[in-house]
Every structure is written in structure tokens, then in C-alpha cells.
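For reference, the chains in residue letters:
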Amino acid sequence: MIHIPENPDTSPTADLLKPFETFESWSRVNADTSPDDAEPLVLDCARHLTADPGGDTAHVWVAGLAEMVRYLAGQPTAEAERAAVEALLAAASAFGERSCAHETHPYEEEFGDLAEDDPAWIGLPTSYLFADLPQRPRQDADLCPANIAGIARVTADMIRPFSAADGIPMVVPDDHTSSVERLSSILCDYPNREPGPTLESNAGVDDSLATKGARAGYVITQYASCWYAVYRIAERSVFDAMIEGLETVLPKLGDPTACTHGDDEHPDPEFESADIAEIGFHLRSPGGRAELREALDEYPPDAWLCPRYLRDLADEALTELRTAHTSKFGVRDTTALDGMYVQPDGSLDIDALTRCVIDGDEFDEAPENIAVWAARRHASSDDPHERLVLLLLTLWVTQVRDLPYGVGREVRALLSTVDPAPLETACKHGDEHADGHADTHLDKRLRRWDKRGFAAHLRHLYAPDSFPAPEAAQAVADVWGCPRFLASWARELVLRLDEAYRWMDQEDGYEGSTFSRER
């Protein structure tokens with residue numbers, strides 16, 4: 001809002017429609033203004049500019065529409081958007097044809113900071129176009145045709161991205177350049193910093209999605225990021241933020257039935273990770289879009305902002321994120337595993353169990369399901385031998401896998417029941433326990449990360465008549481049930497889970513295991 005001087009300028013411009021009061025009315029229009037209040041001001045301003053887009057007072061009406069850009073770039077009526085954009089482009093054309101002797105112009109000084117995902121940098125300052133004010137005296141280039149044309153083009157582009165065919169400087173905000181670098185490193189799976197906080201920060205919306213360009217860029221980066229999150233991220237807060245952000249922006253993407261593109265005119269969502277990070281952030285500023293226009297000629301520029309295209313991306317990303325959220329942080333259903341891993345006589349199918357752990361890759365949920373299934377069965381079993389094998393199976397899977405929080409909570413509950421008292425006393429095995437940190441072992445295959453070696457010992461331990469004894473099995477036969485060995489291994493893993501889950505534990509009011517509190 002501008003300050004009204006006691007003795008305003010008496011030029012013809014200052015006589016227009018009670019000028020300062022009118023300008024203040026324009027400057028009060030923002031993203032939250034109701035259409036009933038905003039539309040008459042927008043349409044009146046556009047009507048005056050359209051009537052004489054290159055006239056002596058055109059700069060006033062350009063300034064008016066620029067002041068109302070927060071409303072116009074948000075969700076105006078179709079009539080207001082069309083009228084404003086057409087009027088601004090007509091002014092840009094009229095003034096852009098005139099000669100200019102200035103090397104730089106006032107609008108260029110602020111242009112590099114225009115970032116539409118930052119509410120403070122939506123729109124160019126234009127009060128100096130309106131009058132010669134004490135706090136901002138007129139400068140030589142203020143009313144230069146190139147300056148007026150530049151403001152008109154940029155404002156039109158913020159209202160309707162890519163509407164200005166050319167003439168917008170290809171200048172990307174520094175914050176966006178940094179964001180592209182960080183996100184590209186994550187999506188290429190070589191993060192240059194901790195990825196979780198970056199993805200969570202990128203997912204925040206608040207008042208940062210006030211324009212079509214910002215919303216389109218947001219959806220595209222979230223779509224690209226969701227795949228990394230699903231396969232690489234373990235923090236619940238990241239998923240919560242991404243899901244909430246997409247749910248918030250989805251209703252603001254526009255009517256999908258308004259799409260005028262053919263199916264082959266929508267960008268292929270299987271884009272290169274580094275490219276999509278750049279596209280997603282460059283869509284959020286006029287300068288970034290100008291650069292994209294030069295680089296992306298395979299699809300119509302406005303296809304990147306198509307409501308149907310963006311809604312499809314957002315819906316798919318939400319489906320993936322919600323499914324992963326349930327899998328990673330919810331309670332797993334293991335009822336079907338009894339039929340897979342319990343034999344008709346009620347004994348464990350130890351061969352199938354161990355093979356599943358051996359064969360599962362890092363993205364396979366089956367070994368995780370075995371861990372939580374074993375923990376649950378351990379609690380209900382009254383067979384000491386089976387309970388020992390189930391405990392060892394749970395310890396083993398926890399050792400060789402990074403368990404998601406939903407699984408790890410149940411596993412930690414079992415491991416926390418292992419009696420820690422033997423840790424305070426010596427045992428007859430001394431340093432001969434199968435220990436992942438030792439340099440020598442009775443049998444190197446006893447290393448807990450040696451899946452096949454450990455599986456062979458576990459099979460023989462459970463069913464010695466069915467599975468041959470691995471080398472050194474007799475020498476370590478009683479190590480597996482050693483209370484000190486089990487307590488040490490359980491303590492090590494509980495502490496590791498406590499550390500991995502500390503933030504989620506705090507959110508859930510869990511104060512940590514006895515081991516963590518003692519340490």
C-alpha cells in the first residue's frame with residue numbers, strides 16, 4: 001500500500017478516478033479477496049487498458065493489474081483472467097515496439113527474486129508507475145516503454161504461465177537454483193545432504209502455492225520425489241508432509257475436463273530425475289519458465305500446467321505414498337504366513353523361512369513380514385526350542401534388514417524382553433560368540449550378515465535330522481542358546497532401533513527402551 005501525500009501530483013495521471021484511493025483499492029486485492037470485491041476492480045482496470053494499451057495513461061492500468069496479481073495468479077474467474085492477460089499482452093506489444101536507450105530498467109532489479117512459491121515475491125513493485133511519490137521519486141527509466149512492456153509481460157506470465165511468447169529474461173531465482181541442485185542429487189540417489197529433511201521441506205505448502213506455476217511445479221516435484229520416498233525414506237514425517245501437501249493442492253489444480261490436449265501432448269512422466277527437478281522448480285518463476293520455453297520444445301508449454309495432467313500425477317503419487325505409509329508405519333497383516341511357514345504337523349518350515357530371508361532383495365517386504373510374524377508367534381509359543389529359533393530368526397532378520405517403523409516396533413518389543421542380566425556375568429564361551437565385530441570366529445560363516453552361513457546353522461539347529469550339520473556346528477551348538485550371547489545381540493539391535501526411530505518414538509510418546517535410558 002502506498003502513502004498518500006498531502007499534496008499529490010496534479011498531472012493528468014493524478015486526476016484519474018481519485019487516483020490514490022483507486023491505487024490503494026488495487027493494492028488491497030490479494031489471494032484471499034473475494035471475487036465479488038476483486039472482479040469489478042480487475043475488469044475495470046483491464047477495460048481501460050484494452051481501450052488504449054499504448055496510450056499516455058496505460059502505465060497506470062498496467063500498474064493496477066500488477067498490483068492485483070496475487071489474486072489474478074491464484075484462482076480468478078475465467079473472465080477476469082482472460083481480460084487481464086489480453087490487456088497486459090496488448091500493452092506489452094504496444095510498448096515493446098518502441099525504441100529505448102536505457103541499458104537497464106527498474107523491473108529487472110526485482111525480477112531475479114520473483115519466486116512464486118514465496119508469497120513475498122509474487123509480483124513486481126509498481127507504485128512508482130502510478131505517481132511521483134516522496135518515498136520513491138521518479139527515475140529516468142521508470143516510464144520507459146521497455147520498462148512498462150516488461151512489467152506487463154511478467155505480470156501476464158504470472159497470471160497465465162507461458163502466455164508471453166518472448167521478452168522475459170531467463171533469470172532463475174537463486175533459491176530455486178539451490179533447490180534444483182539438492183533435489184537432483186537426491187533423485188539421482190547421490191544426495192549431497194540428508195534427504196529426509198529436504199523432501200519434507202519441499203512438501204510444505206502453507207501460502208506457497210498461490211499461482212498456477214507454483215502449483216504445477218510442486219506437483220511435478222512431489223510426483224518425482226514420491227518414488228525416492230517409497231524406496232529410500234524411513235521417516236514418517238516425510239510421508240505425512242508429502243501426503244498432506246498433495247491433498248491440499250489437489251482441489252486447486254483446476255477442472256480436468258477443461259483439458260484441450262491430446263494424450264500424446266502431455267509430458268511423459270517417466271522423465272530423467274535431474275531434468276524433472278529443474279522443470280519442477282523452473283515452473284515456479286517467470287524467468288524459470290522463460291528458460292524452459294527455450295529448452296522444452298517436445299510438448300506445448302501449457303501442457304505442463306494442464307489440470308488433467310497434474311491431477312493424474314498427484315493422484316498417482318498419493319496412491320503410492322499412502323500405500324507406502326501403511327506398509328512402513330502401519331500394522332502388518334501376517335495371518336496368511338501360517339499357511340506358508342507352518343507345516344501340517346505344526347512345526348516350522350525352517351527351510352522356507354530362511355530361503356525367503358536369503359532371497360529377498362532390499363525392497364522385498366517378505367523378510368520384514370517374517371520378522372514380525374516370528375515375533376508374534378514367539379509370544380504365543382510354549383515350545384522352548386521353537387521360541388529360541390524364532391528369537392534367533394527375528395534377531396537375524398533385524399540384523400540384515402533396515403526394518404520400517406511399523407515392523408520394528410513389534411520386533412523391538414520382543415527383543416526388549418530378552419533378559420539383560422547375563423550381560424553382567426561371564427559365560428564359558430568367552431569371546432567365542434558369533435560376533436559381527438570380531439576379527440576371528442570359530443566359523444566365519446557364523447557372521448550374522450552371512451545369510452547363507454547363518455541360515456545353514458539355523459536350519460540344523462531347528463531340525464538336525466533333516467538338515468546336515470554345517471562345518472563347526474558341533475563346536476558352537478550351545479552358543480545359540482547362550483543367555484549372554486542372546487542378551488548382547490538383542491541389546492545391540494534394540495539400541496540401533498531406538499536410534500533409528502527416535503523422532504517417531506517421540507511423536508508416539510515412547511520414551512525409549514531400558515537399554516537407551518540406561519545409556
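What you are looking at is a predicted structure, and each value in this text was computed from that prediction instead of being measured.

Conventions and cut-offs
One numbering rule holds for all chains: residues counted from 1, following each sequence as written. Reporting in this predicted model follows two pLDDT cut-offs: at least 70 for local features of residues, and 80 or more for side-chain atom pairs to be given and counted; totals over whole chains, interfaces and linings ignore these cut-offs and use all residues. Only heavy atoms go into the side-chain values, all of them from the structure, while hydrogens and water stay out. The set of buried Ala, Val, Leu, Ile, Met, Phe, Trp, Tyr and Cys residues whose side-chain atoms join them within 4.5 Å is what this entry labels a nonpolar core. The rule is simple: take the accessible area with a 1.4 Å probe, protein chains only, and divide by the maximum for that residue type; under 20% is buried, over 50% is exposed, in between is partly exposed. The helix count covers DSSP runs of H or I at least four residues long, the strand count covers runs of E at least two residues long, and both are numbered beginning at the N terminus. Residues count as neighbours in contact if any of their non-hydrogen atoms are within 4.5 Å of one another. We call Phe, Tyr and Trp rings a pair once their centres come within 6.5 Å, taking the six-membered ring for Trp, and we label the pair stacked below 30 degrees between planes, edge-to-face above 60, and tilted otherwise. Structural elements are reduced to axes, namely lines fitted to C-alpha atoms, with helices fitted over the stretch in contact, and the angle between N-to-C directions of any two is expressed from 0 to 180 degrees. When describing relative orientation, an angle under 35 degrees is termed roughly parallel and one over 145 degrees roughly antiparallel, while 65 to 115 degrees is termed roughly perpendicular and anything else oblique. Two helices crossing with the near one rotated counterclockwise from the far one by less than a right angle form a left-handed crossing, whereas a clockwise rotation gives a right-handed crossing. In the scheme used here, Gly and all other residues not listed as nonpolar or charged are polar, with Ala, Val, Leu, Ile, Met, Phe, Trp, Tyr, Cys and Pro taken as nonpolar and Asp, Glu, Lys and Arg as charged. A pairing counts as a salt bridge when a side-chain nitrogen of Lys or Arg comes within 4 Å of a carboxyl oxygen of Asp or Glu.

1. With respect to the nonpolar core
Turning to step 1, where the next piece is worked out: Membership of the largest hydrophobic core comes to 101 residues, with the highest contact counts inside it found for Leu392, Leu395, Trp396 and Leu458.
Turning to step 2, where the next piece is worked out: Broken down by element, the residue count for this core peaks at 11 residues, all from helix H11 (residues 212-232).
Turning to step 3, where the next piece is worked out: Aside from chain neighbours lying at most four places away, what touches Leu395 is Leu415, Leu486, Trp489, Ala490 and Leu493.
Turning to step 4, where the next piece is worked out: If you look at the next biggest cluster of nonpolar residues, it comprises 50 residues, including Ala73, Ala87, Val154 and Ala290.

2. Focus: unusual backbone geometry
Turning to step 1, where the next piece is worked out: Unusually for a residue other than glycine, Phe162 sits at a positive phi of about 70°.
Turning to step 2, where the next piece is worked out: Despite not being glycine, Asp189 has its phi angle at roughly 70°, a positive value.
Turning to step 3, where the next piece is worked out: On the secondary structure map, Asp189 appears in the loop between helix H9 (174-187) and helix H10 (195-203).
Turning to step 4, where the next piece is worked out: Residue classification places Asp189 among the partly exposed residues on the basis of a relative accessible area of 33%.

3. Remarks on the packing of aromatic side chains
Turning to step 1, where the next piece is worked out: Taken as a whole, this structure holds 17 aromatic pairs when the rule is applied.
Turning to step 2, where the next piece is worked out: Ring geometry for Phe23 versus Phe130: centroids 4.7 Å apart, planes at 40°, classification tilted. Of the two residues, Phe23 is situated in helix H1 (residues 19-27) and Phe130 in helix H7 (residues 127-130); the sequence distance between them amounts to 107 residues. Considered together, Phe23 and Phe130 belong to a single accessibility category, that of buried residues.

4. Here's the deal with the packing of helix H2 (residues 35-51) against helix H3 (residues 58-67)
Turning to step 1, where the next piece is worked out: Contact pair H2 / H3: the axes reach a minimum separation of 9 Å and the direction vectors enclose 150°. In this view, H2 runs roughly antiparallel relative to H3, as classed from their interaxial angle. Relative to H3, H2 is oriented so that their crossing is left-handed. Contact residues: H2 offers Val42, Cys45, Ala46, His48 and Leu49, while H3 offers Ala58, Trp61, Val62, Gly64 and Leu65.
Turning to step 2, where the next piece is worked out: Taken together, the residues that form the contact of H2 with H3 break down as eight nonpolar, two polar and no charged.

5. Some details on the pattern of salt bridges
Opposite charge on two side chains permits them to pair, given that their charged atoms come into close proximity.
Turning to step 1, where the next piece is worked out: In this structure the tally under the stated criterion is 23 salt bridges.
Turning to step 2, where the next piece is worked out: Here Glu81 ties to Lys212 by a salt bridge, and the two come within 2.9 Å at their closest N and O atoms. Here Glu81, found in helix H5 (residues 78-96), pairs with Lys212, found in helix H11; they are 131 residues apart in sequence, far enough to count as distant.
Turning to step 3, where the next piece is worked out: We classify Lys212 as partly exposed; its relative accessible area is 25%.
Turning to step 4, where the next piece is worked out: For the salt bridge of Glu386 with Arg377, the shortest nitrogen-to-oxygen distance reads 3.1 Å. For the residue pair Glu386 and Arg377, the accessibility class agrees, reading buried in each case.
Turning to step 5, where the next piece is worked out: Residues joined in a network through salt bridges with shared partners are Arg236, Arg409, Glu507 and Asp508.

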